[in-house]
Amino acid sequence: MGQAPEDAHNNTVGGQARIHGAAVQARDVHGGIHVHTEAATAMPPPRQLLPVPAHFTGRRQDLAALDALFTGRERDRPSRTLIVVSGPAGVGKTTLAGKWLHSLASEFPDGQLYADLRGHSAGGPASPGEILSQFLRALGAGSVPADMAEKASLWRSWTAEARIAVMLDNAFTAAQVRPLLHAGPGGLTVVTSRRRLTGLRMDGAAMHHLDALAPAAGAELLSRAIGDDRVAKEPHAARQVVALCAGLPLAVCVASARLASRPRQSVKTLADALTRDTERLTALEVEGEATVRNALDASYTVLSEGAALLYRRLGPLPLRTFDARVAAAACAESLTWAEARLDELVEASLMEDIGPDTCRFHDLVQIHARGAAAAEDSPEAREEALRRVCDWYLETATEAEKRLTPAQFVLPRDVVHPSGLPVPFTDDPSALDWLDAHRTNLMAVVRAAAARAWHAMAWQLVDAMWPLFLRLRYYDLWIEAHELGLEAAREDGNTEAERQMLNSGAIGLSAADRVDEAAEWYARSLRAAREAGDVRDEGQALLGLGTCHRTAGRTAQAVPYLHQAIDLWDSCGYPRGVALTRIVLGEIALAQDDPGLAVEYFTQARAGLLAVRDPHDAARALVFLGRARARAGEHTAGVAAMEEALAVFTSSGAAHWRARALEMLSDSARERGDDAAARDFRARALALFEVTSPSDARRLRDAPAGT
């Protein structure tokens, strides 16, 4: 059964960045979003700040050119806050921009953000809305609007005075970039793209095109990998290797990694291998791909059998990042085996190590890995690898769900290939962190399962992701996932799962202020529950409808639905649902200036929730109870209850409900004439609402201080 709508008020424990006075530092390598701020004790090396190869050389003139564009020293032009770095695939755009931004860390004390816009990925470019959501969360916004216009407005507000640097990697079009440009004059945006994106000149962009490495710079890069002595002994062969790699740093790094692993092999042997491979390659569409493939073929052929297998298994997966557990699941091997094989791929420069236990392919390398899988593995083997990864994600997300929302009814799971791998978390915070870090991959496997008509897998994955949606409020993902899950449950012929998707999806729609759509989903759930004779689900739909009507200001229509829900749940023995419904009725009583009736509802609700061991919702009932008592004239008892609830929310990290409690304390202080305390509570509430609920922040800012 889906959670009661009030559960959607649970909130995230955000990361940390120093923007508008909020101390924050966050990192999300799986989602492709990174933020680093000087709030940390030391700046990490560029490879940790941005997902780029460690190798970098031969770009001193390019670095100087970027400096000139930034400072305005180039031909007396003004300084720029938007710079586009373009060039062919594999030429080193990401590495150059990452190194340059790293050198400017002191210029941007409020942080540096990175996003992969996936301009040439198989799954298509990232939407601006997706990136804005992740940027806002990385900066500490615990709740992000679902509407694109509201996201853009919030982004402009957050960045208006911020001194931040933003790197938008792998951009596809100017239109994809524009909504992501920050508003402040003290910031900098660097865009990398295979296209020149001349349309961004209208936005004041300065352009820098990155060409292939000169022969000397290419030889220097080769020397960094294999040593000056080996290059000095065979200078002609070294120049030949660089030429065969077309001066592309990615190709040179891949080729030289092979040579570095064979200290006794001559440079000429590598040059000969690259020359032979050229004859059998088919040129690909994107500039630079044929050359890189030449080097990749040479490196792939000398991998160990296990590493080659892992390369082929990971290549076709619809994921942006990989860790040892995904690798182990894909190959049905142990964690130790997977860690060793991943290390081998990283050493061969076939994968990039972008963070703790996290790797990724360069776009061109993943194309090559998919090609190798298509050439050497059967369709059945490739499909089994994907299914094993889906099964692992389903197993692991379900364990997180059981830990984080134990009151949630979990429908049966259909795991075809149990992984036997250890769960990667040990407590509630780490379980939520895991869900958050893997949300992009989780959505990718949901989409893949839906596309392959693995209907049960698709809706079960969505169901297992419930704590992610409930706690962290990724509205776009919440709604998309439940639209896919609802269709999958229907195709699966599982009416119980269909009602689960309707109820849980409706909570997301309502939380995203799409109340009328939420009511429609609840109405469908109500009809389905009655047809199935499921009294508990019927009560869930009635509670949802009542809450939607109350949110829309239709109190007279809301109350009958709520009382029907209580009657049904009383009859079937579901005390938690009864208690949650009484919270809503208590809120209505407070709004209608009947604090005595509200006290009665909240007292009953709190007792019921404590009895079923639901501390978060019991604290919600308690804070409302305190407010009702204060409204009834019991100020001391009321304030004590609100402060007790505030302590619970502070301990659990429920920032949104901390803000709600502080706002109630402010209102109570004002009513008893303590204006100084009222202002203090209000300011603290507003600071929290700014990062957890933009609509509440606007409401509080717009309301007169005395109301």
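Parameters and conventions
- Residues numbered from 1 in each chain as written.
- Predicted model: local features only at pLDDT ≥ 70, side-chain atom pairs only at ≥ 80, totals over all residues.
- Heavy atoms only, no water.
- Helix = DSSP H or I, 4+ residues; strand = E, 2+ residues; numbered from the N terminus.
- Axes fitted to C-alpha atoms, helices over the stretch in contact; angles between N-to-C directions.
- Parallel < 35°, antiparallel > 145°, perpendicular 65-115°, else oblique.
- Left-handed = near helix turned anticlockwise from the far one by under 90°.
- Contact = heavy atoms within 4.5 Å.
- Nonpolar A, V, L, I, M, F, W, Y, C, P; charged D, E, K, R; others polar.
- Core = buried A, V, L, I, M, F, W, Y, C linked by side-chain atoms within 4.5 Å.
- Buried < 20%, exposed > 50% of the residue type's maximum accessible area, 1.4 Å probe, protein only.
- Phe/Tyr/Trp six-rings, centres within 6.5 Å; stacked < 30°, edge-to-face > 60°.
- Pairing = 2+ DSSP bridges.
- Salt bridge = Lys/Arg side-chain N within 4 Å of Asp/Glu carboxyl O.

### Focus on the environment of Leu-468
Move 1: Within the secondary structure, Leu-468 sits in helix H21 (residues 466-472).
Move 2: With 67 residues separating them in the primary sequence, Leu-468 and Glu-401 have C-alpha atoms 8.6 Å apart.

### Considerations on the packing of helix H24 (residues 515-532) against helix H25 (residues 535-551)
Move 1: Where H24 contacts H25, the axes come no closer than 8 Å and their chain directions differ by 160°. For the element pair H24 / H25, the angle class is roughly antiparallel. Crossing geometry of H24 relative to H25 is assigned as left-handed. Seen from H24, the contacting residues are Val-515, Ala-518, Ala-519, Tyr-522, Ala-523, Ser-525, Leu-526, Ala-529 and Arg-530; seen from H25, they are Asp-537, Glu-538, Gln-540, Ala-541, Leu-542, Gly-544, Leu-545, Cys-548 and Thr-551.
Move 2: A per-class count over the contact of H24 with H25 returns 11 nonpolar, four polar and three charged.

### A word on the nonpolar core
Across soluble globular proteins, nonpolar side chains have a tendency to be buried as a group.
Move 1: Judged by nonpolar contacts, the single largest core of 153 residues is most densely connected at Trp-100, Leu-314 and Tyr-393.
Move 2: In terms of nonpolar packing, the next biggest core, distinct from the first, is built from 42 residues, Leu-590, Ala-605, Ala-661 and Leu-665 among them.

### Quick word on the packing of aromatic side chains
Move 1: By the definition in use, this model includes 17 aromatic pairs.
Move 2: Ring centres of Phe-70 and Trp-100 lie 6.0 Å apart, and the angle between their planes is 85°; on these two criteria the pair is classed as edge-to-face. Remark: Trp-100 occurs in helix H3 (residues 93-103) and Phe-70 occurs in helix H2 (residues 60-71); sequence separation between them is 30 residues.
Move 3: With a relative accessible area of 1%, Trp-100 lands in the buried category.

### Observations regarding the pairing of strand S7 (residues 206-209)
Move 1: Here S7 shows a buried face lined by Ala-206 and His-208 and an unburied face lined by Met-207 and His-209.
Move 2: Examined bridge by bridge, strand S3 (residues 82-86) and S7 share four bridges and lie parallel to one another. Bridge assignment links Ile-83 to a residue of S7, and that residue is Ala-206.

### Concerning the pattern of salt bridges
If the charged atoms of two oppositely charged side chains come close together, the side chains can form a pair.
Move 1: Throughout the structure, instances matching the rule amount to 39 salt bridges.
Move 2: The shortest N-O distance in the salt bridge between Asp-203 and Arg-178 comes to 2.8 Å. Separated by 25 residues along the polypeptide, Asp-203 in the loop between strand S6 (188-193) and S7 and Arg-178 in the loop between helix H6 (174-177) and S6 bring together distant segments of the chain.
Move 3: Residue Asp-203 is classed as partly exposed on the basis of its relative accessible area, which comes to 33%.
Move 4: When its relative accessible area of 32% is taken as the criterion, Arg-178 is described as partly exposed.
Move 5: The salt bridge involving Arg-490 is made with Glu-498; its shortest N-O contact spans 3.7 Å.
Move 6: Through salt bridges that share partners, Asp-116, Arg-320, Glu-352 and Arg-360 make up one connected network.

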